[in-house]
Amino acid sequence: MEKWENNKAWFLVLPAFIIVAFSAFIPLMTVVNYSIQDIFGPGQSVFVGTEWFKEMLGNHRLHDALWRQFLFSGLVLLIEIPLGIMIALAMPTRGWGVSACLVTLALPLVIPWNVIGTIWIIFTRPDIGLFGVGINSLDLLEVPFDHTAKPLYAWITLLAMEVWHWTPLVALLAYAGLRAIPEAYYQAAKIDGASSWATFFYIQLPKMRGVLTIAVLLRWMDSFLIYAEPFALTGGGPGNTTTFLSIYLVKLATMQFDLGPAAAFSLIYFVIILLFCFAFYQALLNVGRGEKA
Amino acid sequence: MARIELNEIAHSYKKNPKDDSDYALKHIHNEWKDGGAYALLGPSGCGKTTLLNVISGLLTPSQGRVLYDGKDVTDLPPEKRNIAQVFQFPVLYDTMSVFNNLAFPLRNRGTQESEVKKRVMEVAEILDLTPFLNRRAAGLAADAKQKISLGRGLVRSDVAAILFDEPLTVIDPHLKWQLRHKLKEVHEQLKLTLVYVTHDQVEALTFADQVLVMYEGELVQIGTPQELFENPKHKFVGYFIGSPGMNFLSCTVDGNIARVDGVGIELNDETASLAHKATGKLELGIRPMYLEVNVESVKGSIPATVKTVEDQGSFKVLTVNLSGNILRARLPEDQAVPLNEAWIRFPTQRTKLYADGRLVNK
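As the structure is a computational prediction, the values presented were derived from the model and not from experiment.

(A) View of the overall build of chain B. When you go through chain B residue by residue, the secondary structure sums to nine helices and 22 strands. With the principal axes as the frame, chain B shows a C-alpha extent of 75 × 45 × 30 Å. Burial analysis of chain B (362 residues in total) assigns 54% to the buried set. Sequence separation of 24 or more characterises 66% of the internal contacts of chain B that already satisfy a separation of 6 or more. Summed over all atoms, the accessible surface of chain B reaches about 16,300 Å², with 48% contributed by carbon and sulfur.

Have a look at this one:
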């Protein structure tokens, strides 16, 4: 049968196209516009081509922020994904415990980002914070704990905060994945004499692949874009040790008002995230499919 | 290989069962012979799967003991019993190749790799899976997947019995026949005890030597397909097996005559003599196939009004009204079909009497 030539249906896509244009494409193009001009003030600008890009790619403060960002996001994934899976495996499967666990887990997820920062500032304060006072009273540390005192302390606090805030999301996703595995799989594994490790490795993990892909992508993107928490907690310090990409970007754009370099930086930032998401997605989609076809 | 004995088994999913209705299995006392092919037939929710799980050890019964070859295994977990189970939906280890899937139960038990290879090759040969051994299991069709599930049971040389829990549900109709054939072949080749759970009477009757009909947590009849057809011990067996199901008429017994709304139907002497001791609601039962239909009055026949005639190809189903009771009769293709009035006759040897749903017999 021949295809009926009728492309009028494309008009039905138009509303969606317009919305996407205004919400994503046009703002993005403004950034592109900024990134190739040097703007002195309203109406005063000079076309500079790829100069800002060159400058930004060679900027060692950006390099430092980028490596810091990779380290942070990498640590976040390494901690949150296994921890989330472990929590999900330990959760009850029936009875009142299920709702109790779900509600408790969901609590951190509904707190706004900057409030989280404030909570943790108070929690870790060496004079009144539960954690700060608690750990210092043990007298184990050479330098008393204070997240502003040492880069390591700042990192520990930030990571702890991020893990506390977002591991529940991973746990909930993993839990949903686990619940979706039919009972027969566990029964078959029992009959096949599989150990609990084998059951985890050959049944639970492969069946959670879909939800874990989503968890990795979400946590990677979110942690790569992290802004409000370090802004509230450390402001990028001590020194520049917690200045992540977005903090540096905001400094550049709004404090120094270097719109051109900031725009070029934004685009580079955007491309990095896109590339990584693509890579993760492909990798997770194909993991375990390596055996001979 | 093993003989399986179920000793006074009862099971309830509730912690403190109060009466009969709380039990998924009421009272099962039965023996499964070594090397037999059994089908467990019954409607959804009658306790078939529960019974299967009790045998395989996935479930510990609330009461009673399970014995394999006389050895009590009631408290042993499934992996310690020499049993394999195939589930309704194919269970596969998606990330493994077909070979590794089949090798999995052996490797878990620490079998030597050379032995594993030998066993897997043998089983793959039996199940026609050899060409797929290096393929990933996830990409195969449902029937191949189900064969792999079966294969994981067959590779273990110590396996005594294989339990099937409606294994053909997700298989295409034309492949069902092939796979069922394969199962019979495997059974004949390996002489394993097979227990096959299904709600499909055709599947059960073609697969098994012995069919166990289950109804509301009880085994209501055990027998060959022919016995189930000709001599249903329980009203439910009459309904469930055969198409259309058995006819039942409420009656009272007077001498050797059963009265159905004023119409007298003769019973055989044995049934008649037992009928007096029977208690509860009495019902007359006859298979549509055995109900005689005549165009004209013959000796011992009763007039009934014809309601409908359904042509089912090789036979016709006639529905008649006998003083307010609906009866179905199955007529061979070539038999004359009465138009308005049919003269029906109940052959005494084929006319059964049921008291409270159970056959009145010795």
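(B) Quick peek at unusual backbone geometry. All names here are of chain B. Here the residue pair Ser243 and Pro244 is connected by a cis peptide bond, since its omega of -5 degrees sits within 30 degrees of zero. Residue placement: Pro244 occurs in the loop between helix H8 (235-240) and strand E11 (247-250). One non-glycine residue, Ser323, lies in the positive phi region at around 35 degrees. Residue placement: Ser323 occurs in the loop between strand E18 (315-322) and strand E19 (325-332). The phi torsion at Asp356 lies on the positive side, around 50 degrees, for a residue other than glycine.

(C) Examining the pairing of strand E17 (residues 302-311) of chain B more closely. Residues and elements named next belong to chain B. With four bridges joining them, E17 and strand E20 (residues 341-345) adopt antiparallel strand pairing. Across the sheet, the residue bridging to Ala304 is Ala342, located in E20. In this structure, E17 lies alongside E18, joined through six bridges in antiparallel fashion. Bridging from a neighbouring strand, Glu310 pairs with Val317 of E18. Connecting E17 to the antiparallel partner E18 that follows it, the hairpin turn spans three residues, and Gly313 within it adopts a positive phi of roughly 95 degrees.

(D) The arrangement of the pairing of E19 of chain B in detail. Side chains Asn325, Leu327, Ala329 and Leu331 of chain B project from E19 of chain B onto a buried face, and the interleaved Ile326, Arg328, Arg330 and Pro332 of chain B project onto a face without burial. The turn joining E18 of chain B and E19 of chain B, which pair antiparallel and follow one another in sequence, is formed by two residues; a positive phi near 35 degrees is taken by Ser323 of chain B.

(E) Region of interest: the environment of Ile83 of chain B. Counting through the fold element by element, Ile83 of chain B comes out in strand E6 (residues 83-86). By relative accessible area, Ile83 of chain B is classed as buried at 0%. The spatial distance from the C-alpha of Ile83 of chain B to the C-alpha of Ile28 of chain B is 20 Å, given a sequence separation of 55 residues. In this structure Ile83 of chain B touches Ile191 of chain A together with Ile55, Ser56, Tyr68, Pro78, Arg156, Val159, Ala161 and Leu163 of chain B, once residues within four positions along its chain are discounted.

(F) Inspection of a nonpolar patch on the surface at higher detail. On the surface, Phe11, Leu14, Phe17, Ile18, Phe22, Phe25, Ile26 and Met29 of chain A cluster together into a nonpolar patch covering about 870 Å² of accessible area. Along the polypeptide, Ile26 of chain A turns up in helix H1 (residues 10-35).

(G) Summary view of the packing of helix H7 (residues 151-179) of chain A against helix H10 (residues 209-224) of chain A. All names here are of chain A. Orientation of H7 relative to H10, taken along the N-to-C sense of each, is 160 degrees, at an axis distance of 9 Å. By the angle between their axes, H7 is roughly antiparallel relative to H10. Read as a crossing pair, H7 and H10 show a hand that is right-handed. Counting all contacts with H7, which are made through Glu162, Trp166, Leu169, Val170, Leu173, Ala174 and Gly177, the residues of H10 involved are Val211, Ile214, Ala215, Leu218, Arg219, Asp222 and Ser223. Each residue belonging to the contact of H7 with H10 can be placed in one class, and the counts come to nine nonpolar, two polar and three charged.

(H) Up close: the sheet that holds strand E16 (residues 292-294) of chain B. All names here are of chain B. Strands sit in the order E16-E20-E17-E18-E19 across an open sheet of five strands; the sheet is antiparallel. Both outer strands of the open sheet, E16 and E19, are each paired with one neighbouring strand and no more. Adjacent strand axes in the sheet meet at a mean angle of 45 degrees when their direction is disregarded. Relative to E20, E16 is paired through three bridges, and the arrangement is antiparallel. The residue bridging Asn294 from the neighbouring strand is Trp343, located in E20.

(I) The interface of chain A and chain B, seen in detail. Facing the 20 residues of chain A at the interface are 26 residues of chain B. Interface of chain A and chain B: buried area, both sides summed, is about 2,000 Å²; carbon and sulfur atoms make up 57% of it. At the boundary of chain A with chain B, the tally comes to two salt bridges. A salt bridge links Lys207 of chain A to Asp94 of chain B; the shortest N-O distance between them is 3.0 Å. Seen at the junction of chain A and chain B, the total is seven residue pairs in polar contact (both at pLDDT 80 or more). Put simply, the parts of the chain that give the side of chain A that touches chain B at least two residues each are helix H8 (183-191) and helix H9 (196-207) of chain A.

Cut-off values and rules
Residues numbered from 1 in each chain as written. Chains lettered and ligands numbered in written order. Predicted model: local features only at pLDDT ≥ 70, side-chain atom pairs only at ≥ 80, totals over all residues. Heavy atoms only, no water. Helix = DSSP H or I, 4+ residues; strand = E, 2+ residues; numbered from the N terminus. Buried < 20%, exposed > 50% of the residue type's maximum accessible area, 1.4 Å probe, protein only. Contact = heavy atoms within 4.5 Å. Areas by Shrake-Rupley, 256 points an atom, 1.4 Å probe, with all protein chains shown as cover. Pairing = 2+ DSSP bridges. Patch = residues over 30% accessible without salt bridge, like charges linked within 9 Å, V, L, I, M, F, W, Y side chains within 5 Å. Salt bridge = Lys/Arg side-chain N within 4 Å of Asp/Glu carboxyl O. Axes fitted to C-alpha atoms, helices over the stretch in contact; angles between N-to-C directions. Parallel < 35°, antiparallel > 145°, perpendicular 65-115°, else oblique. Left-handed = near helix turned anticlockwise from the far one by under 90°. Nonpolar A, V, L, I, M, F, W, Y, C, P; charged D, E, K, R; others polar. Buried area = accessible area lost by both parts, 1.4 Å probe. Polar contact = N/O pair within 3.5 Å; in protein donor to acceptor, adjacent residues only side chain to side chain.

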